[in-house]
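Here is what each chain is made of, one letter per residue.
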Amino acid sequence: MAMGVIYCLYHMYQQYPPVILRNLNSSCIYLTEDNAAKISDISFGDDWKEGEDEFDEPEECTIVYRFALLLLETISGRRPFSNDTGLLILWAHRYLTGEKPLTGMVDPTLRSVPLEQVAALTELVKLCIRDDPWRRPSVGEVTRRMQEITGFSQDQSTPRNSALWWAELEILTV
């Protein structure tokens, strides 16, 4: 799912003019019947509003930050906010900084994912949530890093209605 989302974002930012998302969160991601990730709530980049400053945080940096939050949701199995623990990003901070062991943050249903991959994904999350938005990686850089971490190409991340594709995916993850 995460690879499908980042490939979609990468494609959108390659357009001229780029298709700019104003909002990216887990409620904007839909899965088709063949489990392809689809993004909703799209608006175009020329939707400038009075009062917006050209020195505001760049749109792409905001989307990269929000993609990192999606990764945190996926890794932890938690919602962006809960009444018990508050904001996910604040809850995860102790794990991301090494105060607590990373294994304590990982959703138990992700046991099949090697800890090395989880560690690499959390390193990517840390890059994407830097306080200085100008130091965050671009969507293209995040896509490249996700490819390196998961080993999934764009073609491999495109779900198909074929049982053979699902078998191939299972083999790739072993």
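Presented here is a report on the structure given in the accompanying data block. What you see is a predicted model; the values in this text were computed from it and never measured.

Reading the values: the criteria
Residues numbered from 1 in each chain as written. Predicted model: local features only at pLDDT ≥ 70, side-chain atom pairs only at ≥ 80, totals over all residues. Heavy atoms only, no water. Phe/Tyr/Trp six-rings, centres within 6.5 Å; stacked < 30°, edge-to-face > 60°. Helix = DSSP H or I, 4+ residues; strand = E, 2+ residues; numbered from the N terminus. Buried < 20%, exposed > 50% of the residue type's maximum accessible area, 1.4 Å probe, protein only. Lys NZ or Arg CZ within 6 Å of the ring centre and 35° of its normal. Core = buried A, V, L, I, M, F, W, Y, C linked by side-chain atoms within 4.5 Å. Contact = heavy atoms within 4.5 Å.

**Some details on the packing of aromatic side chains**
Then step 1. Summed over the entire model, instances satisfying the criterion amount to 1 aromatic pair.
Then step 2. Between Trp91 and Tyr95 the ring centres are 4.9 Å apart and the planes differ by 45°, which places this aromatic pair in the tilted class. Of the two residues, Trp91 and Tyr95 both sit in helix H3 (residues 88-96), 4 residues apart, roughly one turn of that helix. Of the two residues, Trp91 and Tyr95, neither departs from the other in class, the shared state being buried.
Then step 3. Lying across the ring of Trp91, Arg78 places its NZ or CZ 3.9 Å from the centre.

**Focus on the nonpolar core**
Then step 1. Of all hydrophobic cores here, the largest spans 43 residues; its most connected members are Leu9, Leu24, Phe67, Met105 and Met146.
Then step 2. Secondary structure elements with two or more residues in this core: helix H1 (2-14), strand E2 (37-39), helix H2 (59-76), H3, helix H4 (115-128) and helix H5 (139-150).
Then step 3. Residues within four places of Leu9 in sequence aside, it is in contact with Leu21, Leu24, Ile39, Ile63, Phe67 and Val139.

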